Amino acid sequence: MQNTKLLLTSFTFVGLLALAGCSFPGVYKIDIQQGNVVTQDMIDQLRPGMTRRQVRFIMGNPLLTDTFHADRWDYLYSLQPGGGERQQERISVIFSPDDQLVSLSGDFMPGVSRDEAIMGKDSGTTVTDPAQNAEQPKPEKPVKPGSLLDQIQKDVDKVETVPVPTPEPLDTSPQ
């Protein structure tokens, strides 16, 4: 009887210790954010020749200022969704000796938005090869002259396309 109580107590104690190391399902885990939030809009506003004050106004204070490289600022951002895998973004801003923005390097590319990816949202847009989408149009039955569809088609045919201006990329070569 004494051994049975001891054995039952031992198994209970070992079971509680094993259970203490497990996470319970349904328990809320918080998202952990660290560092500077850097968006694609911020990167798109940077231009070569900007002063440190202008860069600080756009990007905020850098997370790291290296003692050995005083002309480089580093911005880091990491996000770990509750129970998920940690995601990290990095951008380095490099200045000339006369405090002018020379180049930047890191995870952001001009014109490529990664904001939604780092926040855990899918933009719903996918990039596909235009040759794959080149399907033959289905023949449509002609619309009646003077109808609303005819008016809309005439308005669409009158529209002129205007090219969208693209920003010039930053010069990445050291000067």
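Residues numbered from 1 in each chain as written. Predicted model: local features only at pLDDT ≥ 70, side-chain atom pairs only at ≥ 80, totals over all residues. Heavy atoms only, no water.

Quick notes on the pattern of salt bridges
Using the criterion set out here, one finds three salt bridges in the structure. A salt bridge links Asp-74 to Arg-72; the shortest N-O distance between them is 3.2 Å. Judged by relative accessible area, which is 7%, Asp-74 ranks as buried. Residue classification places Arg-72 among the partly exposed positions, given a relative accessible area of 30%. (Salt bridge = Lys/Arg side-chain N within 4 Å of Asp/Glu carboxyl O. Buried < 20%, exposed > 50% of the residue type's maximum accessible area, 1.4 Å probe, protein only.)

A word on unusual backbone geometry
The backbone of Asp-99 shows a phi angle near 60°, a positive value even though the residue is not glycine. Residue classification places Asp-99 among the partly exposed positions, given a relative accessible area of 35%.

Points about the nonpolar core
Within the largest apolar cluster, 17 residues are counted, with the highest numbers of intra-cluster contacts made by Val-38, Ile-43, Leu-46, Val-55, Met-59, Tyr-75 and Ile-91. Counting residues per element, the ones that place at least two in this core are helix H2 (40-45), helix H3 (52-59), strand E3 (72-80), strand E4 (87-95) and strand E5 (101-106). (Core = buried A, V, L, I, M, F, W, Y, C linked by side-chain atoms within 4.5 Å. Helix = DSSP H or I, 4+ residues; strand = E, 2+ residues; numbered from the N terminus.)

Things to note about the confidence of the model for the protein chain
This prediction gives the protein chain a mean pLDDT of 76; 74% of its residues lie at or above 70. Mean pLDDT across the elements of the protein chain ranges from a minimum in helix H4 (residues 115-118), with 54, to a maximum in H3, with 91. Here residues 123-131 scores under 50 on pLDDT; set against residues more than four positions off or in separate chains, the count is two contacts. (pLDDT = per-residue confidence, 0-100. Contact = heavy atoms within 4.5 Å.)

Focus: H3
Along H3, the residues that are buried comprise Arg-52, Val-55, Ile-58 and Met-59. End-on view of H3: buried residues confined to an arc of 130°, all on one side of the axis. Away from its buried face by more than 90 degrees, H3 exposes Arg-53 and Phe-57. Buried positions along H3 lie against H2, E3, E4 and E5. (Arc of directions from axis to C-beta.)

Description of a nonpolar patch on the surface
Taken together, Val-143, Leu-148, Leu-149, Ile-152 and Val-156 make up a surface patch of nonpolar side chains, about 490 Å² in accessible area. Turning to its location among the elements, Leu-148 is positioned in helix H5 (residues 148-158). With relative accessibility at 65%, the residue Leu-148 sits in the exposed group. (Patch = residues over 30% accessible without salt bridge, like charges linked within 9 Å, V, L, I, M, F, W, Y side chains within 5 Å. Areas by Shrake-Rupley, 256 points an atom, 1.4 Å probe, with all protein chains shown as cover.)

Describing the environment of Pro-97
Structurally, the position occupied by Pro-97 is in the loop between E4 and E5. Residues Pro-97 and Asp-71 lie 26 residues apart in sequence; the distance between their C-alpha atoms is 6.9 Å.

Notes on the pairing of E5
Of the strand pairs in this sheet, E4 and E5 are connected by five bridges, and their pairing is antiparallel. Paired with Ile-91 across the two strands is Gly-106, which belongs to E5. Counting the residues in the hairpin turn of E4 and E5 gives five residues, including Asp-99, whose phi is positive at 60°. (Pairing = 2+ DSSP bridges.)

Thoughts on the environment of Leu-101
As for its position among the elements, Leu-101 is in strand E5. Residues Leu-101 and Pro-48, spaced 53 residues apart in sequence, show a C-alpha to C-alpha distance of 5.1 Å. Not counting residues up to four positions away in its chain, the partners in contact with Leu-101 are Leu-46, Arg-47, Pro-48, Gly-49, Met-50, Val-55, Val-93, Ile-94 and Phe-95.

As for the packing of aromatic side chains
Scanning the entire structure with this criterion turns up one aromatic pair. On the numbers, 4.9 Å between centres and 70° between planes, the contact of Trp-73 with Phe-95 is edge-to-face. Residue Trp-73 is found in strand E3, and its partner Phe-95 is found in strand E4; the two are separated by 22 residues along the sequence. By relative accessible area, Trp-73 is classed as buried at 4%. (Phe/Tyr/Trp six-rings, centres within 6.5 Å; stacked < 30°, edge-to-face > 60°.)

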